[in-house]
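# What the coordinates show
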Amino acid sequence: MQILLKGTIVADKIIQRLKDFSPKRTLGIVRVGSYPGSSSYLKGIKKTASKAEVSLELLELEKNAPEEEIKNSVREMKESGKVDGILLMEPLPTCAPIQELIEIVGKDLDVEGIHPYNLGKTLLGASEIIISTPKAVLELMDFYKIKPEGKNTVILGRSNVVGKPLANLLLRKSQFGNATVTVCHSRTKDLKKITKKADILIVSIGKPQFVTEEFIKEGAIVIDVGINEKEGKITGDVDFESVKDKSYAITPVPGGVGSITTAALLSNLYQL
Ligand SMILES: NC(=O)c1ccc[n+]([C@@H]2O[C@H](COP(=O)([O-])OP(=O)(O)OC[C@H]3O[C@@H](n4cnc5c(N)ncnc54)[C@H](OP(=O)(O)O)[C@@H]3O)[C@@H](O)[C@H]2O)c1
């Protein structure tokens, strides 16, 4: 490995940029119930928001809050005029699925970039608001001058929040686009045969240390989006120790893409 793609420096650069903007912005957060995963995400948002001088308006509802109460609370926050964007923290109860709530939030306050309008714009290559994790990957590539143009870029995972939007972004006819993209998933056959052709391999599957050196082409750039807990430790989808010597550049986990995501989310507030 020649380059360790640290995300923390990238996040600091974004935060610095946000601090220079005025007027200052306020992020509305809606949280229903408290779950360990969302608690640590919220902690991260609070820390980054404080550094970036972004205010937070937090609305917390009981785990068993009725559907109408949740929907009305989102409506009230939207209509209050106090917030510049609304984040819906997952998991949400089944009675109020994220697709329904994001329609209430509307495209203009959709800080996460998950409203069908914003996702459609991403598909058209004309996105204004980009989902925070794919945006974090692009920020990382920008910072480390990784140019996807003409590169065989393989994405492992086809989730709506990472794999699919990222594939579309990397296909754009623009800077940080023009890649030749292959998307793999759990039904892909001969996975290693495909990943071994990747100049850039981006992994988002939620399987701790799944990708080992047999998946990698010598000199590849490996971007690990995965955040998993294994034996009490945070680990990526890539087996860092196995892959590091064969790759040209690789992200650590923790301290890689994950540390940029919150800053990327807050930068959407200004984009909105
Ligand atoms: N860094 C961040 O800010 C951030 C943000 C979001 C997620 N994450 C992390 O990223 C990971 C993935 O999350 P996600 O939401 O993108 O995905 P997800 O919704 O958990 O879906 C997993 C994807 O991986 C595919 N997959 C699963 N096992 C596979 C295998 N053995 N071979 C090939 N493909 C396989 C699945 O295929 P099928 O579609 O066929 O089921 C699916 O497309 C998790 O660790 C999550 O915590 C990190």
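Residues numbered from 1 in each chain as written. Predicted model: local features only at pLDDT ≥ 70, side-chain atom pairs only at ≥ 80, totals over all residues. Heavy atoms only, no water.

## Focus: the site of the ligand
Neighbouring the ligand are 21 residues; Arg-158, Ser-159, Ser-186, Ser-204 and Thr-261 lie closest to it. Measuring from an oxygen atom of the ligand, one finds a side-chain N or O atom of Thr-133 at 3.4 Å. Calculation on the ligand without its partners gives an accessible area of 920 Å², and the protein chains cover 71% of this total. Its residues assigned to classes, the shell around the ligand shows seven nonpolar, 11 polar and three charged. (Near = heavy atom within 4 Å. Polar contact = N/O pair within 3.5 Å; in protein donor to acceptor, adjacent residues only side chain to side chain. Areas by Shrake-Rupley, 256 points an atom, 1.4 Å probe, with all protein chains shown as cover. Nonpolar A, V, L, I, M, F, W, Y, C, P; charged D, E, K, R; others polar.)

## Observations regarding the sheet that holds strand β8 (residues 221–224)
Backbone-to-backbone hydrogen bonds join strands into a sheet, with any given pair of strands oriented parallel or antiparallel. Read across the sheet, six strands follow the order β1-β11-β8-β7-β5-β6 without closing on themselves; strand pairing throughout is parallel. Each having just a single partner strand, β1 (3–4) and β6 (180–184) make up the two edges of the open sheet. Looking at chain direction, strand β5 (residues 152–156) and strand β7 (residues 200–203) are connected through four bridges and run parallel. Residue Leu-156 lies in a different strand from β7, and its bridge partner there is Val-203. Where helix α7 (residues 163–171) meets the sheet, it contacts β5, β6 and β7, and its direction lies at approximately 165° from that of β5. (Pairing = 2+ DSSP bridges. Helix = DSSP H or I, 4+ residues; strand = E, 2+ residues; numbered from the N terminus. Contact = heavy atoms within 4.5 Å. Axes fitted to C-alpha atoms, helices over the stretch in contact; angles between N-to-C directions.)

## Some thoughts on helix α10 (residues 258–271)
Between its first and last C-alpha, α10 extends 20 Å over 14 residues, near the 20 Å set by a 1.5 Å rise per residue. Most of α10 is tucked away, with 11 of its 14 residues classed as buried. Along α10, the positions that sit buried rather than exposed are Ile-260, Thr-261, Thr-262, Ala-263, Ala-264, Leu-265, Leu-266, Ser-267, Asn-268, Leu-269 and Tyr-270. (Expected span 1.5 Å × (residues − 1). Buried < 20%, exposed > 50% of the residue type's maximum accessible area, 1.4 Å probe, protein only.)

## Comments concerning the nonpolar core
Buried together is how nonpolar side chains tend to be arranged in soluble globular proteins. The biggest cluster of nonpolar side chains holds 46 residues, and the ones touching the most others in it are Leu-27, Met-141, Ile-202 and Ile-223. If you tally residues by element for this core, the top one is α10, at seven residues. Mapping this core onto the domain boundaries places at least three of its residues in each of domain 1 (24–112) and domain 2 (131–259). (Core = buried A, V, L, I, M, F, W, Y, C linked by side-chain atoms within 4.5 Å. Domains from an automatic or database assignment.)

## Notes on the packing of helix α6 (residues 132–143) against α7
Orientation of α6 relative to α7, taken along the N-to-C sense of each, is 40°, at an axis distance of 9 Å. The orientation of α6 with respect to α7, classified from their angle, is oblique. Each of Pro-134, Val-137, Leu-138 and Met-141 in α6 lies in contact with α7, whose residues at this interface are Pro-165, Leu-166, Leu-169 and Leu-170. For the contact of α6 with α7, a count of residues per class yields eight nonpolar, no polar and no charged. (Parallel < 35°, antiparallel > 145°, perpendicular 65-115°, else oblique.)

## With respect to the pattern of salt bridges
Counted according to the given criterion, the structure contains 11 salt bridges. Note that Lys-121 and Glu-128 form a salt bridge whose closest N and O atoms lie 3.2 Å from each other. Glu-128 gets classed as partly exposed once you look at its relative accessible area, which sits at 42%. Here Glu-241 ties to Lys-244 by a salt bridge, and the two come within 2.9 Å at their closest N and O atoms. Residue class for Glu-241 comes out exposed when judged on its relative accessible area of 54%. Assessed through its relative accessible area of 22%, Lys-244 is described here as partly exposed. Residues participating in the shared-partner salt-bridge network are Glu-67, Lys-71 and Glu-100. (Salt bridge = Lys/Arg side-chain N within 4 Å of Asp/Glu carboxyl O.)

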